[in-house]
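Spelled out from the first residue to the last, the chains are:
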Amino acid sequence: MSKQAPPAPGRQRLSASSIMLLGGLVLAVVIGLAVALTVFTSPGDSAAPAPGTGTAGLAADEAPYLGAPVADPATLVRPDSHRLGPPAGDRVQFVEFLDLECEGCRAAFPAVERLRTEYAGRVDFVIRYFPIPSHRSAEAAAFAVEAAGRQGKLEPMYQKMYETQTEWGEQRTAQAPVFRGFAAELGLDLARYDADIADPVLQQRVFADRDDGTRAGVKGTPTFFINGRPAENVSGYQALKTLLDQALAAP
């Protein structure tokens, strides 16, 4: 029986080096995958998932549902709270605490607009300000929307903020001059706008919304409430639609 000749010494060293190199590459790939999974599964600053995603395939404990009612329903809707669209009574109320600089709120904005169209006259849509202090322009944006509201242009300014957020959000300084430019584009009386922006009563109106949100248990944005109960596990348009349909079907 012939015997296999032992490999040459040089070839033996090459094989060992190749194994070590291959092992290092495998380890790097494993570490890279672990880092990627950590990044994409880490919670953001309360950002909502992209609108339009559905709930099919979710486990029962991941499906959207309404949490326990808030202790004081008055913290959700005040007599001066802003409603979007035509009044729809109080049978089903959809309340959003929002931060106009929040990327998650911007991501949810198209879903909310779609729901407003589909449920107009059946659901009362209410927005409440919840500017997060770490967002440098969030308060200024809320003041601008409130000032526009005093001239009957709250909704156009609210929409303008989200449509342009990628241009002014996450800047090093507050973008109040940009918002004044929006006011000019909307045809507002700028002298009145400037006076309203500086009005402590207007500013307190915004802060009162945030205080109500804190009392209602809001910890981030966007946070939605339907008939006094927080919407949980909402993954976008379809999840919110499911909860609204359930609320409308309830006796």
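The rules behind each value
Counting of residues starts from 1 at the beginning of each chain's written sequence and follows it residue by residue. Given that this is a predicted model, residues contribute local features only at a pLDDT of at least 70 and side-chain atom pairs are listed and counted only at 80 or more, while totals for whole chains, interfaces and linings are drawn from all residues. Neither water nor hydrogens contribute to the side-chain values; these are computed over all heavy atoms in the structure. The cut-offs for exposure are 20% and 50% of the maximum accessible area for each residue type, with area from a 1.4 Å probe on protein chains only; residues under the lower value are buried, those over the upper are exposed, and the others partly exposed. In this description a helix means any DSSP run of H or I spanning at least four residues, a strand means any run of E spanning at least two, and both kinds are numbered starting from the N terminus. With the strands aimed away from the viewer, a crossover counts as right-handed if its path from the first strand over the helix to the second runs clockwise. In this analysis, strands are considered paired if DSSP registers two or more bridges between them. In plain words, nonpolar cores are sets of buried Ala, Val, Leu, Ile, Met, Phe, Trp, Tyr and Cys residues tied together by side-chain atoms within 4.5 Å. Here a residue-residue contact requires only that any non-hydrogen atoms of the pair lie within 4.5 Å. By definition here, a helix of n residues has an expected span of 1.5 Å times n minus one. Along the arc lie the directions from the helix axis toward the C-beta atoms. Put simply, two rings from Phe, Tyr or Trp (the six-membered ring, in Trp's case) pair if the centres are within 6.5 Å, and we call them stacked under 30 degrees between planes, edge-to-face over 60, tilted for the rest. Put simply, a charge is over a ring when the Lys NZ or the Arg CZ is close to the ring centre, within 6 Å, and near the line of the ring normal, within 35 degrees.

Considering the pairing of strand β3 (residues 93–98)
Link 1 in the chain: For β3, the buried fraction is high: six of the six residues fall into the buried class.
Link 2 in the chain: Burial along β3 is two-sided: Gln93, Val95 and Phe97 and Phe94, Glu96 and Leu98, pointing in opposite directions, are all buried.
Link 3 in the chain: Viewed along the sheet, the connection from β3 through helix α2 (residues 103–118) into strand β4 (residues 124–129) turns out right-handed.
Link 4 in the chain: Where β3 lies against strand β5 (residues 223–226), four bridges are found, and the strand directions are antiparallel. Considered in β5, the bridge of phenylalanine 97 is made with threonine 223.

Topic: the nonpolar core
Link 1 in the chain: With 50 residues, the main nonpolar core has Phe94, Leu100, Tyr158, Met161, Phe179 and Leu244 as its most contacted residues.
Link 2 in the chain: Setting aside residues no more than four positions away along its own chain, leucine 244 makes contact with Val92, Phe94, Leu115, Tyr119, Val123, Phe125 and Ile226.
Link 3 in the chain: Counting residues in hydrophobic clusters, the runner-up holds eleven residues, among them Leu76, Phe130, Ala216 and Val218.

Structural notes on helix α8 (residues 200–215)
Link 1 in the chain: The end-to-end C-alpha distance of α8 is 22 Å, a good match for the 22 Å that 16 residues give at a rise of 1.5 Å each.
Link 2 in the chain: Within the span of α8, buried status applies to Leu202, Arg205, Val206, Asp209, Arg210, Asp212 and Gly213. Summarising the axial view, the buried residues of α8 lie within an arc of 160°, below the 170-degree limit, and thus occupy one face. Seen from the buried face of α8, the exposed residues on the opposite side, beyond 90 degrees, are Pro200, Val201, Thr214 and Arg215.
Link 3 in the chain: Check the buried side of α8 and you find it contacts β2 (82–84), β3, β4, α3 (138–149) and α7 (190–197).

A few points about the packing of aromatic side chains
Any two aromatic rings considered together are summarised by their centre-to-centre distance and by the angle between their planes.
Link 1 in the chain: What the rule picks out here adds up to ten aromatic pairs.
Link 2 in the chain: Between phenylalanine 94 and phenylalanine 125 the ring centres are 5.2 Å apart and the planes differ by 55°, which places this aromatic pair in the tilted class. Taken as a pair, phenylalanine 94 in strand β3 and phenylalanine 125 in strand β4 lie far apart in primary sequence, 31 residues in all.
Link 3 in the chain: Judged by relative accessible area, which is 1%, phenylalanine 94 ranks as buried.
Link 4 in the chain: Note on phenylalanine 125: relative accessible area 3%, which makes it buried.
Link 5 in the chain: Consider the rings of tryptophan 168 and phenylalanine 179, whose centres lie 4.9 Å apart with planes at 90°: the pair is edge-to-face. Separated by eleven residues along the polypeptide, tryptophan 168 in helix α5 (residues 165–168) and phenylalanine 179 in helix α6 (residues 176–185) bring together distant segments of the chain.
Link 6 in the chain: For phenylalanine 179, a relative accessible area of 0% puts it in the buried group.
Link 7 in the chain: When the ring centre of tyrosine 237 is taken as reference, the NZ or CZ atom of arginine 114 above it lies at 3.7 Å.

It is worth stressing that arrangement in space is one thing and function is another; only the former is reported here.
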